[in-house]
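Each chain, letter by letter, is given below.
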Amino acid sequence: MGPVLYRLLLVAEPPRHADAIVVLGGGVLDDNLPSSSTTARLVHGLRLQHAGFASRVILTGGNPENPAIPEATVMQRVAEEIGTKPEVLIVEPRAERTATQGDAVARIARAHAIRSVLLVTSPEHSYRAARVFRKTGLEVISTPVVPRHLPSITITLDPRALSDRFTALVPLVYEGVALGLYWWRGWL
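Here the structure is a predicted model, which is why all the values come from computation and not from measurement.

A. Fine view of the sheet that holds strand β5 (residues 89–92). Spatially, the five strands line up as an open sheet ordered β5-β4-β1-β6-β7, and their pairing is parallel. Both edges of this open sheet fall to β5 and β7 (139–142), since each of them pairs with a single strand only. Taken over all neighbouring pairs, the strand axes of this sheet differ in orientation by 25 degrees on average, direction set aside. Here four bridges tie strand β1 (residues 20–24) to strand β6 (residues 116–120), and the two strands are oriented parallel to one another. The residue bridging Val 23 from the neighbouring strand is Val 120, located in β6. Its contacts with the sheet place helix α5 (residues 126–135) against β1, β6 and β7, and it is angled at close to 170 degrees to β7.

B. Structural view of the environment of His 112. Relative to the helices and strands, His 112 resides in the loop between α4 (98–111) and β6. Sequence separation between His 112 and Asp 19 is 93 residues, and the spatial gap between their C-alpha atoms is 9.5 Å.

C. Layout of unusual backbone geometry. One non-glycine residue with positive phi stands out, namely Ala 113, at about 55 degrees. A residue is classified by how much of its surface remains accessible, and Ala 113, at 59% relative accessible area, is exposed.

D. Highlighting the pattern of salt bridges. Evaluated as defined, the whole model comprises three salt bridges. Glu 13 is paired through a salt bridge with Arg 134; the nearest N and O atoms lie 3.2 Å apart. One end of the pair, Glu 13, is in the loop between α1 (2–9) and β1; the other, Arg 134, is in helix α5, and 121 residues separate them in sequence. Across the pair Arg 128 and Glu 175 runs a salt bridge, and its minimum N-O distance is 2.7 Å. Here Arg 128 is found in helix α5, whereas its partner Glu 175 is found in helix α6 (residues 159–185), with 47 residues between them in sequence. The same class applies to Arg 128 and to Glu 175, which are both buried.

Conventions used here
- Residues numbered from 1 in each chain as written.
- Predicted model: local features only at pLDDT ≥ 70, side-chain atom pairs only at ≥ 80, totals over all residues.
- Heavy atoms only, no water.
- Pairing = 2+ DSSP bridges.
- Helix = DSSP H or I, 4+ residues; strand = E, 2+ residues; numbered from the N terminus.
- Axes fitted to C-alpha atoms, helices over the stretch in contact; angles between N-to-C directions.
- Contact = heavy atoms within 4.5 Å.
- Buried < 20%, exposed > 50% of the residue type's maximum accessible area, 1.4 Å probe, protein only.
- Salt bridge = Lys/Arg side-chain N within 4 Å of Asp/Glu carboxyl O.

Okay, here's the thing in C-alpha cells:
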C-alpha cells in the first residue's frame, strides 16, 4: 500500500532552467544541524543550482516547535559552510507551513522579478507543495528529492516487515490529512 500512495503523491518533473530554486525546510535537530529530510532537500537544491538550472536559491522555513531556530537559517548556515556564496541565497525564516511558505515565496518572487521556480521538497510532500505554490501564480517545476529507484509495488505478508511498512505509512497518512485540511481551507 505504501508504494502506491507514495507514487500517487509524487509530482516529479524533469528540471529545466528557472528564475530560482525554492528549498522547503523539513525540520532541524538544533541550531546547527538540519534534519535528514532538510539535508536531502538542501543538497538537491544546491546541486540544481550548481548544475546551472537557476542562479538564485530561496530557502524557506520557520520553526513552529522552536521559532528561535528557523529551518531556513540553519540551511543558510550549512549552505555557506560548504561553499555557497551568500549572494546566491535568499532566506525566508518565518513561514511555518506549506501554505505560508507559498505566500512568502510569492512575495519574494514579486520583489525580485522571479516568475518560475524549481520546487524542492520530499516526494510525498511534492503534490501538495506544487499545488500550493502554483496557486500563488508562480510557474512551478516540481523537482523533489527522489531516489533513483522508487519503492516497488509488492504485496508481502512477512511479519518481520510489518512494522517497517507501518512506519513508512506515517508520512503518507500525514500528507493525506494535510491535503484534506488544505483543500477544506482553500489553500490548494
